[in-house]
Amino acid sequence: MTKTIELGVGGMTCASCVGRVERGLKKVEGVESAVVNLATERATVAYDPEKTTPQALLDKVRDVGYEPVVSELELGVQGMTCASCVGRVERALRRVDGVLDASVNLATERASVRYLPSSVSPGQLKAAVVDAGYAVLESQAGVDRSDQEREARDREVRGLRRAIAFSALFAVPLLILAMLPMLSMSFGEWLHERVSMSTLSWIMLLLAAPVQFGPGLRFYRLGWKSLRHRSPDMNALVMIGTSAAFLYSLVATLAPQVFPEGTAHVYYEASAVVVTLILLGKYFEAVAKGRSSEAMKKLLGLQAKTARVVRGGQELELPVDEVLVGDLISVRPGEKVPVDGEVVSGNSFVDESMITGEPVPVAKQAGAPVVGGTINQNGAFQFKATRIGADTALAQIIRLVETAQGSKPPIQGLADRVVSVFVPIVLGIAALTFLVWLLVGGQQALSFALVNTVAVLIIACPCAMGLATPTSIMVGTGKAAELGVLFRNGSALEGLQGVNVIAVDKTGTLTKGKPELTDLVTAPGFDRAEVLGLVAAAEEQSEHPIARAIVDAAKREGVALPPLESFEAVPGYGLEARVRGHLVQVGADRLMERLGLSVASFAAQAERLGDEGKSPLYAAIDGQLAAAIAVADPIQAGSPEAVRALHRQGLRVAMITGDNARTANAIARQLGIDEVLAEVLPSGKSDAVKALQAKGNKVAFVGDGINDAPALAQADVGLAIGTGTDVAVETADVILMSGDLRGVPNALALSRATLRNIRLNLFWAFAYNVVLIPVAAGALYPAFGWLLSPVLAAAAMGFSSVFVLSNALRLRSFRPPVRPAPVPARTGAATPARA
C-alpha cells in the first residue's frame, strides 16, 4: 500500500537544510523513506496512506522551518446537474495523487483544488474531471473569464430551450392521445372507433422515440457514466425510469401476447413527458442560476477596461492590464478610475459608494487616494497609479466574494453526507417497490410495478438538495457585497448568525480614532471665535495631539490664526504665549489656581465633561478666565445607533480598550454598552476575547483589522472595520467596507437571513423526498386508491428545484435594519495601529 509523492520545498539553502527536512519527514508515522534534492527543491517521500496523509507531510515541512509549495486552481465544470454530480467530481479530483483538497460548487459550476504542483499538473486535474464524465471550461487567451462563463451559461440556456421545443413538439400530442380519452369518455369512444389500440400504440411509439433518443440522450450519456463510476446520480435515475417505461411500452406494442389479457398497456407519454418536464426544470434552473450571480456580474462590471495614460507628454488610451505602477493617469468627468492611486493634480468629487457603501461623493485633490472602479463626477484630475491588477481594492473585493460564493459552510456537510448515500438508497427503494407490486398487484401487477417504480425514480432526483446551500450563499454574499459587507467564506456567514456577544475595540471603531475639539465654552464677555483663534495660535507650535486638535478645529471653522509673538511651555501646568498683544495661558485647573483664577463658574461644565470621561482644560486671556476646553476622541456618528440595533437583535455588547477605566466607563454609559474591559494592552486583547468565551459565549470581535489581528483571530468571528485597502487583513472573517459600526448589525441580520433561507431550502429538499417517495411507491393506494403518475412526479421534481432557487433569490430583496449615514470615505493607506 506504499505511495510515493513529491513535495516542493522552499527556503532550503544548503546541505544542512536538506538533512533537517529529511529527518523531519522520516519522523512522521507511516513514512518509509524521504529523499530531498536541494537542486530541484523537491522531497520524494514514500509513505503508508493508512497511517499518514500528504497534509501531515506538508505540516512537518513547515514545522521544521521551510515552506511547502502548494498551488490552487479553479476549474469551470460543465454538465453537473445535482448534488451527486458534485460529490463525484470532488471524489475524482481527490483520488488524484498530489491533490490535497477539492471543493465543487454546483451553483457557480466551479471546482477549487489545492494541490502539489510537483506531483500533479493542471492537465491531470482537468483529465480527472473529464474522466468522471464532465466537461472543463477551458480558458481562452484574451477572453475575460466572467464573459467566458456567461457565454457558456447562455449556450446551455439556448441548448435547453431548443431541446424543450423539440421535445414538446412530440410530447404534447402524445400526452393528448394518452390522457384525453381518460378525461373525456366521448372523445375516447370517438377515437377508438376510428383507430385501433394497436395502431394507436404505434403512433405513440413514433412520437415517443424522437424524444427518448433525441433530447433524452443526454440522460443516457451522463447516467451511464455515473453508473460506470459506481456513483449513480439524477441522470441515472431519469435514464432508468424513462427507459423502463419506454421498453415496457415497446414490448407491449411489439408483442402484446406476452402479457396477461387486458394488461398490455403502454406508457410512452410517461417517458416522453418526463424527459420534457425535467428539461424544462433544468432550463428554469439555468436561468435562475444566472440571476443568482447578478451581484458578481455587477462587481466585475465595475472594473474599467481602459485607462488614459500620460507617457512622453501624450495621453494614450491603453487596456487597463497594461497600466504600470507609477504611471500618470488622466481622468475626465464621468469616467471610471481605472486603478488605485494618489491624486497628483486637479480636483473633483468621486462616487466611492461601490467601495464604502456611502452615497455622498468624496472630494479629491492633490495627495488624496483614489480607488479603481469608482466614478469621477464633474471635475478632472491626474493621479499616479499605486496598485494595479490583482492588488487593487476592487480586485481584492471580487476575489473575496468569489471565494465566499464558492466555499461550503458547515451546514452543507449535512446535505453532502445525505446525498452520498441517497441515490443508492433510492435505487434500493425502487427495486423494492417493483418487487412488492409484482407480489401484491394482482392481474395488473406488472403495470403497477412499472408505473410506481418509475415515479419513485423520478420524484427522488436530488437536484434541490444540491442547490439548497450554494444558491443561498451566492445570493447572500452577493447582496452583502452590495451593502459593503464582505464575507471571506461560507463558514463566516454561518458563524456570525450564532454569536451572542459582540466585542468592540474602542479607538477607531466606536470612536473616530483621532482627538478632536469637542467642547469650547466661553465665559461671559468673550467671543468664541476670537478665543479659539488666540488659543489655536498659541498651540500651533506644539506637536501634542491636544494642540493639533485645537489648531485643526480652528482651521476647519475658518478662524484666522493671528501671529504668535512669544511662546513658553510651563512644565506640569500648560503653556503661556503672547498672541497679537494678548497674553494667552492654557492649562489644567492647577494652572488657573496658580494664576489666582477660580474655575468655579465652569463647575457644571466640568462635572458634565467628567461624566463623559473628558478632562477639561482652561484658557485665560490677559489675566481673565476666558473658556473651558475639552479635547477627546469623539464617538463615531453611527456608534449609538449600531449599539441600539445590536441590542434589538438580542446581543450583548462588550467594549475592549487600552484606555483608563474612567474614560471607558463614561463612553460605555453614553452608548449603553453592557460590559467594559479597560486598560487592556494591545497584546492582551486576544486574552480579553478568551475571557468572554470562557463564560460560554460565542464572540464576534470588531476591530480596525490591523493591530487587532490576534483578537480577530481568537474570536469565533472577526469583523474588520476599514476601507477598500483593508481587505487584505488576513485575520478577519468579515470586512465592513464602509468604516461604520452600523455595518455590524447589517452583517448579522444578513447572516441570519441567509441561514434561515438555507434551512428552509434544506427542509424543503429533504422533506419533499421523505414525503413524496412513499407516495410515489404507492403507499396511499391501499387506503385511498391514489397513485402518483410519473408525469406528475417529474413536474413535482422540477418544481422543487425551482422553489429552492426562487427562495434563494428572495435574499436579493433583503433590507438592512440600519441604513448607514453618509460619512467621509477613508480610502487609502491602512490605518495606523491604535490602542
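Residues numbered from 1 in each chain as written. Predicted model: local features only at pLDDT ≥ 70, side-chain atom pairs only at ≥ 80, totals over all residues. Heavy atoms only, no water.

Looking at an unreviewed UniProt entry, one finds the protein chain named P-type Cu(+) transporter, with Deinococcus aerius as its source organism. Database annotation for the protein chain, UniProt heading Subcellular location (unreviewed entry): "Cell membrane". The UniProt entry for the protein chain carries this comment under Sequence similarities (unreviewed entry): "Belongs to the cation transport ATPase (P-type) (TC 3.A.3) family. Type IB subfamily." (UniProt positions renumbered as here; feature names shortened; annotations may be inferred.)

*Asks:* Explain the overall build of the protein chain residue by residue, including any values.
*Replies:* Secondary structure summary: the protein chain contains 29 helices and 29 strands in total. Within the protein chain, the proportion of its 835 residues that are buried is 54%. Sequence separation of at least 24 residues holds for 69% of the intrachain contacts in the protein chain that already meet a minimum separation of 6. Surface exposure of the protein chain reaches about 35,500 Å², of which carbon and sulfur atoms provide 57%. (Helix = DSSP H or I, 4+ residues; strand = E, 2+ residues; numbered from the N terminus. Buried < 20%, exposed > 50% of the residue type's maximum accessible area, 1.4 Å probe, protein only. Contact = heavy atoms within 4.5 Å. Areas by Shrake-Rupley, 256 points an atom, 1.4 Å probe, with all protein chains shown as cover.)

*Asks:* Provide a residue-level description of unusual backbone geometry, including the pertinent values.
*Replies:* Even without a glycine there, the phi angle at R580 is positive, about 50°. With respect to the helices and strands, R580 occurs in the loop between strand 21 (574–579) and strand 22 (582–587). The class of R580 is partly exposed, set by a relative accessible area of 48%. Even without glycine at this site, D622 takes up a positive phi of about 55°. Relative to the helices and strands, D622 is located in the loop between strand 23 (617–621) and strand 24 (624–632).

*Asks:* So what's going on with the sheet that holds strand 1 (residues 3–10)? Which residues, and what values?
*Replies:* Read from one edge to the other, the open sheet built from 4 strands follows the order 2-3-1-4, with strand pairing classed as antiparallel. The open sheet is flanked by strand 2 (31–37) and strand 4 (67–69), the only strands paired with a single partner. Strand after strand, the sheet turns through a mean of 35° between neighbouring axes, direction not considered. Both strand 2 and strand 3 (residues 42–47) contribute to a ladder of 6 bridges, which runs antiparallel. Within strand 3, the residue paired with V35 across the bridge is T44. Along the sheet, helix 2 (residues 54–63) makes contact with strand 1, strand 2, strand 3 and strand 4, crossing strand 1 at roughly 30°. (Pairing = 2+ DSSP bridges. Axes fitted to C-alpha atoms, helices over the stretch in contact; angles between N-to-C directions.)

*Asks:* An account of helix 25 (residues 685–694) is requested, with residue identities and associated values reported.
*Replies:* Every buried residue belonging to helix 25 is among K685, S686, A688, V689, L692 and Q693, and all of these are buried. Within helix 25, the buried residues cover an arc of 155° as seen down the axis, which keeps them to one side. (Arc of directions from axis to C-beta.)

*Asks:* Can you lay out the packing of helix 3 (residues 83–94) against helix 4 (residues 122–131) for me, pointing to particular residues and giving the numbers?
*Replies:* Running from N to C, helix 3 and helix 4 point in directions that differ by 140°, and their axes come no closer than 9 Å. On the basis of their axis angle, the class for helix 3 and helix 4 is oblique. As for the relative orientation of helix 3 and helix 4, their crossing is right-handed in sense. Between helix 3 and helix 4, the contacting residues are V89, A92 and L93 on the first element and L125, A128 and V129 on the second. Partitioned by chemical class, the residues of the contact of helix 3 with helix 4 number 6 nonpolar, no polar and no charged. (Parallel < 35°, antiparallel > 145°, perpendicular 65-115°, else oblique. Left-handed = near helix turned anticlockwise from the far one by under 90°. Nonpolar A, V, L, I, M, F, W, Y, C, P; charged D, E, K, R; others polar.)

*Asks:* So what's going on with the packing of helix 15 (residues 445–459) against helix 27 (residues 743–777)? Which residues, and what values?
*Replies:* At their nearest, the axes of helix 15 and helix 27 sit 8 Å apart, and the two run at 165° to each other. As judged from the angle between their axes, helix 15 and helix 27 are roughly antiparallel. Helix 15 and helix 27 meet at a crossing whose hand is right-handed. Here N452, A455, V456 and I459 of helix 15 come into contact with helix 27, specifically with Y768, N769, L772, I773, A776 and A777. The class makeup of the residues in the contact of helix 15 with helix 27 is 8 nonpolar, 2 polar and no charged.

*Asks:* How would you sum up the sheet that holds strand 22? Please name residues and give values.
*Replies:* Strand pairing in a sheet is mediated by backbone hydrogen bonds. Such pairs are either parallel or antiparallel. Taken together, the 6 strands give an open sheet; going across it, the order is 19-24-23-22-21-20, and neighbouring strands pair in antiparallel fashion. Only two strands of the sheet have a single partner each, and these edge strands are strand 19 (516–522) and strand 20 (564–570). On average, adjacent strands in this sheet sit at an angle of 20° to one another, irrespective of strand direction. Two elements, strand 23 and strand 24, share 5 bridges in a ladder whose sense is antiparallel. Considered in strand 24, the bridge of L617 is made with I629.

*Asks:* Can you lay out the packing of aromatic side chains for me, pointing to particular residues and giving the numbers?
*Replies:* As enumerated under the stated definition, the model contains 11 aromatic pairs in all. Judged by centre distance (6.1 Å) and plane angle (20°), the ring pair of F213 and Y220 falls under stacked. Assessed through its relative accessible area of 22%, Y220 is described here as partly exposed. Summarising the aromatic geometry, the rings of F213 and F246 are spaced 5.3 Å apart at their centres and angled 90° between planes, so their arrangement reads as edge-to-face. Taken together, the residues span a long stretch of sequence, with F213 in the loop between helix 7 (197–212) and helix 8 (217–228) and F246 in helix 9 (residues 234–254) at a distance of 33 residues. (Phe/Tyr/Trp six-rings, centres within 6.5 Å; stacked < 30°, edge-to-face > 60°.)

*Asks:* Break down the UniProt feature "transmembrane region" (unreviewed entry) in the protein chain for me, with residues and values.
*Replies:* The feature "transmembrane region" (unreviewed entry), as given by UniProt, occupies residues 163–183, 195–215, 236–259, 265–284, 418–440, 446–469, 762–781 and 787–809 in the numbering adopted here. Spanning residues 195–215, this segment combines 76% helix with 0% strand, and its end C-alpha atoms are found 29 Å apart. Annotated as 85% helix and 0% strand, the span residues 762–781 places its first and last C-alpha atoms 28 Å apart.

*Asks:* Can you break down the pattern of salt bridges residue by residue, with the values?
*Replies:* Pairs may arise between side chains of opposite charge once their charged atoms sit close together. Tallied over the full model, the rule gives 17 salt bridges. In this structure, D97 and K3 form a salt bridge, with 2.7 Å as the shortest nitrogen-oxygen distance. Placement of the pair is D97 in the loop between helix 3 and strand 6 (99–105) and K3 in strand 1, with a sequence separation of 94 residues. Looking at K3, the relative accessible area reads 28%, which means it is partly exposed. Across the pair R652 and E675 runs a salt bridge whose closest N-O atoms are separated by 3.4 Å. Residue R652 is found in strand 25 (residues 652–656), and its partner E675 is found in strand 26 (residues 675–677); the two are separated by 23 residues along the sequence. (Salt bridge = Lys/Arg side-chain N within 4 Å of Asp/Glu carboxyl O.)

*Asks:* Explain the nonpolar core to me, and be specific about the residues and the numbers.
*Replies:* Counting 102 residues, the largest nonpolar core has F487, L496 and I502 as its most contacted members. The greatest single-element share of this core, amounting to 15 residues, is contributed by helix 27. In this structure, this core is formed jointly by two domains, domain 3 (143–290) and domain 5 (484–510 + 637–748), each of which donates at least three residues. Discounting residues that sit within four places of it in the chain, L496 has contacts with F487, A700, V717, L719, A747, L748 and S751. (Core = buried A, V, L, I, M, F, W, Y, C linked by side-chain atoms within 4.5 Å. Domains from an automatic or database assignment.)

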